[in-house]
Amino acid sequence: LDPAPFDPTPFDPTQPRPTFTFSPDSPFPAYADAASCGPATGIIEPLVARRTTNSSHTGAWLPPAQVCWVPGSRPLTTGAFALHDDGVLHRLPNPAQAPVP
């Protein structure tokens, strides 16, 4: 994949989590959750991060793997993505597609 530079221009600082807009022309600068991001071009891989809890030794607890698009992958459609506490991008729901109550 072409390692294009990350353009933070579509960054929205008014959101509770860092929020960015990515299009098929803009590669993900971080891992992106495959389940929420939908189709993309690139490589997917399981992401496992060792965690430390009060009841375990440093890095001893392994949470379930998260299937992610690797950095440099590109979404097939434009959308808004939030960077979560775990450092993984997740696509935000499209308000236009939300069911009407």
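Now for a look at the structure at hand. (Residues numbered from 1 in each chain as written. Predicted model: local features only at pLDDT ≥ 70, side-chain atom pairs only at ≥ 80, totals over all residues. Heavy atoms only, no water.)

### Quick word on the packing of aromatic side chains
Here's step 1: With the rule as written, the count across this model stands at 4 aromatic pairs.
Here's step 2: On the basis of an interplanar angle of 35° and a centroid distance of 6.1 Å, the ring pair of Phe20 and Phe22 is categorised as tilted. Neither Phe20 nor Phe22 differs from the other in exposure class; each is buried.
Here's step 3: Ring-pair connections join several aromatic residues into one group, and the members of that group are Phe20, Phe22, Phe28 and Phe81. (Phe/Tyr/Trp six-rings, centres within 6.5 Å; stacked < 30°, edge-to-face > 60°. Buried < 20%, exposed > 50% of the residue type's maximum accessible area, 1.4 Å probe, protein only.)

### Regarding the environment of Gly87
Here's step 1: Assignment of secondary structure puts Gly87 in the loop between strand E7 (79–83) and strand E8 (89–91).
Here's step 2: The partly exposed category is assigned to Gly87, whose relative accessible area is 35%.
Here's step 3: Through-space distance from the C-alpha of Gly87 to that of Tyr31 is 7.5 Å; in sequence the pair is 56 residues apart.
Here's step 4: When residues no more than four places from it in sequence are discounted, the contact partners of Gly87 are Ala30 and Tyr31. (Helix = DSSP H or I, 4+ residues; strand = E, 2+ residues; numbered from the N terminus. Contact = heavy atoms within 4.5 Å.)

Any functional reading would require information beyond the geometric quantities listed.
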